[in-house]
Amino acid sequence: MIFAALFLSSIRGYGQVELEQALTTTSNAPEKVTATFKSTRLINGHSNETIHKNELDFKVDHRFGDIAGGNGGIRKFFGLDNSTDVRIGFEYGVSDRLTVGLARAKGATAVQQLYEGSLKFRLLEQTTDNQVPVAVTLFGSNTIAAVQANKDDPTAATAYQNFQDRMNYVAQVIIARKFNSNISFLITPSYVHRNFTAFRDQNDLFAIGAGGRAKISKRMAIVVDYFLPFRNAEDKNYLEEIGARKFYNPLGLGLEIETGGHVFHLNFTNATAIQEIQFIPETTSSWLKGQYRWGFSISRRFSVGKSQE
C-alpha cells in the first residue's frame, strides 16, 4: 500500500509538472502581429496581407483622367470625364497563408484587355517579441493581353505574332513591418518581364517599391506608395529623344476608410494604370505637370465556406 501510494503520488507530481511546462510553453509562445495593413493593396502596389482561409475578396479599382494640366481642369471636370483604367478582381484564401487571384483590367496603354492570374504566399509573419522582426510575403502574377494584334506596325507594343507574345509576368518580395498600432511600412523588390514590347523598350525590368500606412483615427488612415524602376539608360533615352514616351516614377497618396466589411481607398497618383506590368515600367505622367488623377478602390469580403482552424 505504501509503495502504491508513493507511485500514484509520483504520477500526479509528474503530471502536474508536465501541465505546468505545457502552460508555460504556450504562454511564452511568440504572438504574431496582425493587420499590418487593412487591405491587400495600398494604392498602386500590394501590401503583405493575404486573405483568410475560405474567404473571397471582391475588389474594384478605378482611375480617372488628369486633374490638372493640358488634359485636365474644369473642361474635363478635373478628370472625371475620362477613365484611364478599371480593374475588377477576386481573391480567395486557400489557406491563411496562400491567396489566389483572378482579375480583368481595361489597361491604360496600347496593351489592353488584360486578364491576370496571381498567387500570394505569406512566407514569414512578424512576432510581437521581435524574434521575427518583419513579415515577408511573395507575390507572382501572369497577365495576358487579349487586345487585337497590330499587324500594320511591327514596332508597336501590340504587334503580336503568337500567343506567347501576349504573356507578361511579375514577381515581388514584400517585406513589411508594423512598428505600432498606428504606423506600418513596407519595401517591395520587384521584377517585371514582358514577352513582347514596343521597339527599344525593355522586356525585363527591376524596380523597388516602398509604402506606408499612418492611422489618423479609429477607421481612417493615410496610405502612400512609390516605385523606382531601374531602366536601361540607352533605351530610355532613345524613346524620349524620338518623342515616343517620357517616363516618371509612380507615386500615390490616399485616404483609407474602414466601413464595416468594406475597405475604401480614395487615391491620388500619377500612374494611369493599375496592373504592375504597366504602372511600373510605363508611367508617363508627372505630378509636377498636373498629370495626376484621383481614383478609388473598394473591397468586400465574403465567407464562402467553414474555416477549419
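Criteria and cut-off values
Residues numbered from 1 in each chain as written. Predicted model: local features only at pLDDT ≥ 70, side-chain atom pairs only at ≥ 80, totals over all residues. Heavy atoms only, no water. Pairing = 2+ DSSP bridges. Helix = DSSP H or I, 4+ residues; strand = E, 2+ residues; numbered from the N terminus. Axes fitted to C-alpha atoms, helices over the stretch in contact; angles between N-to-C directions. Buried < 20%, exposed > 50% of the residue type's maximum accessible area, 1.4 Å probe, protein only. Contact = heavy atoms within 4.5 Å. Phe/Tyr/Trp six-rings, centres within 6.5 Å; stacked < 30°, edge-to-face > 60°. Lys NZ or Arg CZ within 6 Å of the ring centre and 35° of its normal. Polar contact = N/O pair within 3.5 Å; in protein donor to acceptor, adjacent residues only side chain to side chain.

A. Just the sheet that holds strand β7 (residues 183–194), in detail. One closed barrel accounts for 12 strands, arranged β1-β2-β3-β4-β5-β6-β7-β8-β9-β10-β11-β12; its pairing is antiparallel. In this sheet, adjacent strand axes meet at a mean angle of 20° when their direction is disregarded. Pairing of strand β5 (residues 135–145) with strand β6 (residues 167–178), which is carried by 10 bridges, proceeds in the antiparallel orientation. Directly across from Gly-140, in β6, lies its bridge partner Ala-171.

B. How the structure looks around unusual backbone geometry. The backbone of Ala-35 shows a phi angle near 50°, a positive value even though the residue is not glycine. One can find Ala-35 in the loop between α1 (2–28) and β1 (55–64). Classification of Ala-35 by relative accessible area gives partly exposed; the value is 27%. You will see that Gln-113, though not glycine, has its phi angle at about 55°, which is positive.

C. Seen up close, the environment of Phe-279. Relative to the helices and strands, Phe-279 is located in helix α3 (residues 276–279). With 31 residues separating them in the primary sequence, Phe-279 and Tyr-248 have C-alpha atoms 9.8 Å apart. With residues near it in sequence (within four places) discarded, Phe-279 still touches Asn-44, Gly-45, Phe-227, Pro-250, Ala-271, Ala-273 and Ile-274.

D. Broad picture of the environment of Gly-73. In this structure, Gly-73 sits in the loop between β1 and β2 (83–93). Classification of Gly-73 by relative accessible area gives buried; the value is 18%. Sequence-distant contacts of Gly-73, that is, excluding residues within four places in its chain, are made with Asp-66, Ile-67, Ala-68 and Phe-78.

E. Focus on the packing of aromatic side chains. Applying the stated criterion across every chain yields a total of nine aromatic pairs. Between Trp-287 and Tyr-292 the ring centres are 4.8 Å apart and the planes differ by 10°, which places this aromatic pair in the stacked class. Taken together, Phe-64, Phe-264, Trp-294 and Phe-296 form an aromatic cluster joined through their ring pairs. Geometry around Tyr-238 places Arg-200 over its ring, the cationic atom sitting 4.5 Å from the centre. Across the ring face of Phe-302, the terminal group of Arg-300 is positioned such that the distance to the ring centre comes to 5.4 Å.

F. Region of the structure containing helix α2 (residues 233–241). The N-cap residue of α2 is Asn-232: its side-chain oxygen and the backbone nitrogen of Glu-234 are 3.0 Å apart. Gly-243 sits one or two positions beyond α2 and adopts a positive phi of about 80°.

G. The arrangement of the pairing of β5 in detail. Inspection of the sheet shows strand β4 (residues 114–124) paired to β5 by 10 bridges, in the antiparallel sense. Directly across from Gly-117, in β5, lies its bridge partner Asn-142.

Geometric descriptors of this kind do not, in isolation, establish any biological role.
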